Amino acid sequence: MATKSSSMSFSDLLRNSTVMSDNIKLNAAKVGRYGLDLPEFTTEMDADISKADTLNKEQERLKSELKVKTEELNLIKDKLEGNYALAKKTVKLAEPQANWVAYGIDDKR
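As a convention, each chain's residues are numbered from 1 in the sequence order in which they are written. For this predicted model, a pLDDT threshold of at least 70 governs which residues receive local features, and a threshold of 80 or more governs which side-chain atom pairs are given and counted, while totals over whole chains, interfaces and linings are taken from all residues. Working from all heavy atoms in the structure, the side-chain values ignore hydrogens and water.

Here we look at the side chain of S21
So, step 1. Only runs of H or I of at least four residues qualify as helices and only runs of E of at least two qualify as strands under DSSP, and these elements are numbered from the N terminus. By secondary structure assignment, the location of S21 is in helix α1 (residues 10–26).
So, step 2. Every residue in contact with S21, bar those within four places of it in the chain, is listed here: T42, M45 and D46. We call two residues in contact whenever any of their non-hydrogen atoms come within 4.5 Å of each other.

Some details on helix α3 (residues 40–94)
Every α-helix winds through 3.6 residues per turn, so residues three or four apart in the chain are directed the same way.
So, step 1. Look at α3: 78 Å from first C-alpha to last across 55 residues, which is about the 81 Å you get at 1.5 Å a residue.
So, step 2. The complete set of buried residues in α3 reads T42, M45, I49 and V91.
So, step 3. Where the residues of α3 are buried, they touch α1. By this rule the span expected of a helix is its residue count minus one, scaled by 1.5 Å. For each residue, the accessible area found with a 1.4 Å probe, counting protein chains only, is set against the maximum for its type, and the residue is called buried under 20%, exposed over 50%, and partly exposed in between.

A word on the packing of α1 against α3
How two helices sit against one another is set out by the angle between their axes and by the gap between those axes.
So, step 1. Fitted lines through C-alpha atoms give the axes, limited to the stretch in contact for helices. The angle between two N-to-C directions lies from 0 to 180 degrees. Running from amino to carboxyl end, α1 crosses α3 at an angle of 155°, the nearest separation of the two axes being 10 Å. In terms of orientation, α1 and α3 fall into the roughly antiparallel class. In this structure, α1 meets α3 at a crossing whose hand is left-handed. For the pair α1 and α3, contact is made by F10, L14, S17, T18, M20, S21, I24 and K25 and by F41, T42, M45, D46, I49, A52, D53 and N56, respectively.
So, step 2. Of the residues in the contact of α1 with α3, the class split is 8 nonpolar, 5 polar and 3 charged. Any angle from 65 to 115 degrees is called roughly perpendicular, while one under 35 is roughly parallel, one over 145 is roughly antiparallel, and all others are oblique. Take the far helix as the reference: if the near one is turned anticlockwise from it by less than a right angle, the crossing is left-handed, and if turned clockwise, right-handed. Each residue gets one label: Ala, Val, Leu, Ile, Met, Phe, Trp, Tyr, Cys and Pro are nonpolar, Asp, Glu, Lys and Arg are charged, and the others, such as Gly, are polar.

Focus on the layout of surface pockets
So, step 1. Of the voids in this model, the second largest pocket is the one considered here, and its volume is about 250 Å³.
So, step 2. Among the elements of the structure, α1 and α3 are those that each provide at least two residues to the lining of the second largest pocket.
So, step 3. Looking at the lining of the second largest pocket element by element, the count peaks at 6 residues for α3.
So, step 4. Of the residues belonging to the lining of the second largest pocket, the class tally is 6 nonpolar, 1 polar and 2 charged. In this analysis, the protein atoms alone were mapped onto a 1 Å grid. Cavities are point sets where a 1.4 Å probe fits without being able to get out; pockets are open sets with protein on both sides within 12 Å along at least five of seven lines; lining residues have an atom within 4 Å of a point. Grid points are joined across faces, edges and corners, and a volume is the space filled by probe spheres set on the points.

A few points about the confidence of the model for the chain
So, step 1. pLDDT expresses, on a scale from 0 to 100, how confident the predictor is about each individual residue. Taken residue by residue, the chain gives an average pLDDT of 93. The fraction at 70 or more is 94%.
So, step 2. Helix α2 (residues 28–32) is the least confidently modelled element of the chain, averaging 92 in pLDDT, while α3 averages 97, the highest of any element.

Side note on unusual backbone geometry
A negative phi angle characterises most non-glycine residues, just as the trans form characterises most peptide bonds.
So, step 1. Going from L38 to P39, the amide bond is cis rather than trans, its omega being 0°.
So, step 2. Within the element layout of this structure, P39 appears in the loop between α2 and α3.

Here's the deal with the environment of V31
So, step 1. Tracing the sequence through the fold places V31 in helix α2.
So, step 2. Residue classification places V31 among the partly exposed positions, given a relative accessible area of 25%.
So, step 3. In sequence terms V31 and D48 are 17 residues apart; their C-alpha atoms lie 20 Å from each other.
So, step 4. Beyond its immediate stretch of four places on either side in the chain, V31 contacts I24, L36 and L38.

Here it is, written out as structure tokens:
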């Protein structure tokens, strides 16, 4: 199995793999003599390139959706924190300290 190359970006890997596969197909007679099972090898490589590209696009879409959901959640969270603080303040004014526990308030004065 080949070693990992961390210096190549994903888009470079896809592009270089496509070029490699295409040129192996063009020179199958020469390259095949050195142990690659052609055309099975290039068919599998092309399928992996296609699958990787599809998964990458799906991952990018999900990242985008996650960013939107995170922003939406943060807005709701900020609003909820404000409402909770206001409710807590109001309960503290309206109820004696002994009753605060019923509202989930554990503060001491």
